[in-house]
Amino acid sequence: MTISARLEALLKATDSVCVLTGAGISAESGIPTFRGPEGLWARFKPEELASFDAFIRNPALVWEWYTYRKTVMHQAQPNPGHHALVRMERLVREFTLVTQNVDNLHARAGAAKVLELHGNIERSYCIECREFTSEIVLATPGQAPTCSACGGLLRPDVVWFGEVLPQLVLQEAFRASERCELFLTIGTSGLVYPAAGLPLRARECGAYVVEVNTEPTELSHRCSETLHGKAGEILPHLADMMSASRKEQPSS
Ligand code: BJW
Ligand code: ZN
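Source: prediction; values computed, not measured.

J.: When you look at the site of ligand 1 in this model, what are you seeing that I'm missing?
T.: Looking at ligand 1, there are 36 residues lining it, with Arg-35, Tyr-66, Thr-188, Ser-189 and Asn-213 nearest. One of the backbone N or O atoms of Ala-23 is found 2.8 Å from an oxygen atom in ligand 1. A distance of 2.8 Å is found between an oxygen atom of ligand 1 and a backbone nitrogen or oxygen belonging to Tyr-193. Taken by itself ligand 1 offers 1,500 Å² of open surface, and the protein chains cover 74% of this. Mapped onto the shell around ligand 1, the elements with two or more residues apiece are α2 (24–27) and α5 (59–75). Residues that form the shell around ligand 1 fall into these classes: 17 nonpolar, 13 polar and 6 charged.

See below:
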């Protein structure tokens, strides 16, 4: 991995960083990504599982998929990539972590604040009365879970295709992208909007945009620099460079 002099200088000095993560950062924790030959969608089309229409057509199938993923995510542990971002958060004055992931691994690694664009798989709510459940819902195969208050269908608190993202969270993510000096886009294919618009907006606003990915992506040619390799190997190096010239703040 070669790091440019510009990136090295920024890592040592910048006090404004925004990070966007995607499924690739959790791949080394054993959580499958969405796309690609090994991806979750190699067998199912996204629109067959990740849309409200698909859910209404076959809630038991969608719940079976989410129950499987919840179990995998619950058993997974944060990896060195997640931990390196926590170190960065403690080093940089203005640090914003935005994720498309629903696996909760940034929080479990110790991140103080995470802007979750696509929700969180651990939460569920009723599509009728909108009440959230207090426990993690796991479905029995062939059966979709229902609300104990009104009997309506429960759904995972995630954002499916055609659904709006949580607007305040999205606004905060765009604001951070617009004012940061260094933007890191990590382990995302850059295919899904509006999340993929964040690095593009950051670049428009003058940030140095660095991609960390094992493969070239839709975003590669629009980034200032791409670091090819695994997030769990590259991010610890970047955090080391950052910490060389600064003092880590203890977590509160
Ligand atoms: C590694 C690695 C390692 C592997 N280290 N790297 C503008 C243009 C075109 C279309 C649209 C647009 N604006 C909106 C749309 C429509 C749509 C969209 O984007 N469609 C495109 C697919 C064409 N967007 C939406 O519908 C969004 N809503 C919306 O825009 O609302 C407004 C609106 C509403 C109605 C009408 C009109 C507008 C909602 C998007 C919701 C996405 N939801 C999902 C499911 C979440 C729940 C769940 O998890 O089950 O979010 S889909 C799925 O994709 C998931 C992910 O968060 C998201 C992104 O995937 P990600 O993270 O990039 O994963 P992969 O697998 O694609 O990539 C992994 C990468 O990691 C790869 O590059 C690997 O190489 C790399 N990698 N190992 C580093 N170790
Ligand atoms: Zn209900």
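J.: Would you mind going over the packing of aromatic side chains with me for this structure?
T.: Note on aromatic pairs: each is described by the distance of the centres and the angle between the planes. For the structure on display, the rule yields 5 aromatic pairs. Judged by centre distance (6.1 Å) and plane angle (45°), the ring pair of Phe-52 and Phe-55 falls under tilted. Taken as a pair, Phe-52 and Phe-55 lie in helix α4 (residues 52–57) at a separation of 3 residues, close to a single helical turn. Owing to a relative accessible area of 0%, Phe-55 belongs among the buried residues under this scheme. A connected cluster of aromatic rings, assembled from ring pairs, spans Phe-52, Phe-55, Trp-65, Tyr-66 and Trp-160. Its guanidinium or amino end placed over the ring of Trp-65, Arg-69 lies 4.4 Å from that ring's centre, counting from NZ or CZ.

J.: Looking at this structure, I do not really get the side chain of His-82. What am I missing?
T.: Structurally, His-82 is set in helix α6 (residues 80–91). Note on His-82: relative accessible area 1%, which makes it buried. A distance of 3.3 Å separates polar atoms of two side chains, one belonging to His-82 and the other to Ser-26. If we ignore the near neighbours within four places in the chain, the residues touching His-82 are Ile-25, Ser-26, Ser-29, Leu-105, His-106 and Ala-109.

What counts, and at which threshold
All residue numbers here refer to positions counted from 1 along the written sequence of the relevant chain. Each chain gets a letter, beginning with A, and each ligand a number, beginning with 1, in the order they are written. At least 70 in pLDDT is required for a residue's local features to be given in this predicted model, at least 80 for side-chain atom pairs to be given and counted, and no such filter applies to totals for whole chains, interfaces and linings, which use all residues. Hydrogen atoms and water are omitted, and side-chain values are computed over all heavy atoms in the structure. The near set for a molecule or strand comprises every residue that places at least one heavy atom within 4 Å of it. Under this definition, polar contacts are N or O atom pairs within 3.5 Å; protein pairs additionally need one hydrogen-donor-capable and one acceptor-capable atom, and for neighbouring residues in sequence, both atoms have to be side-chain atoms. Accessible surface is estimated by sampling points in the Shrake-Rupley manner with a 1.4 Å probe; for residues, cover comes only from the protein chains shown. A run of DSSP states H or I qualifies as a helix once it reaches four residues; a run of E qualifies as a strand once it reaches two. Both are numbered from the N-terminal end. Three categories are distinguished: nonpolar for Ala, Val, Leu, Ile, Met, Phe, Trp, Tyr, Cys and Pro, charged for Asp, Glu, Lys and Arg, and polar for the others, with Gly belonging to the last. Aromatic rings from Phe, Tyr and Trp, taking only the six-membered ring of Trp, are treated as a pair when their centres fall within 6.5 Å; an angle between ring planes under 30 degrees marks them as stacked, one over 60 as edge-to-face, and anything in between as tilted. Buried residues are those whose accessible area, probed at 1.4 Å on protein chains only, stays under 20% of the maximum for their type, while exposed residues exceed 50% and partly exposed ones sit between those limits. Here, over-ring charges are defined by two tests on the NZ atom of lysine or the CZ atom of arginine: distance to the ring centre within 6 Å, and angle to the ring normal within 35 degrees. Note on contacts: a residue pair is in contact if any heavy atoms of the two residues lie within 4.5 Å.

Such coordinate-based values are descriptive only and should not be taken to indicate function.
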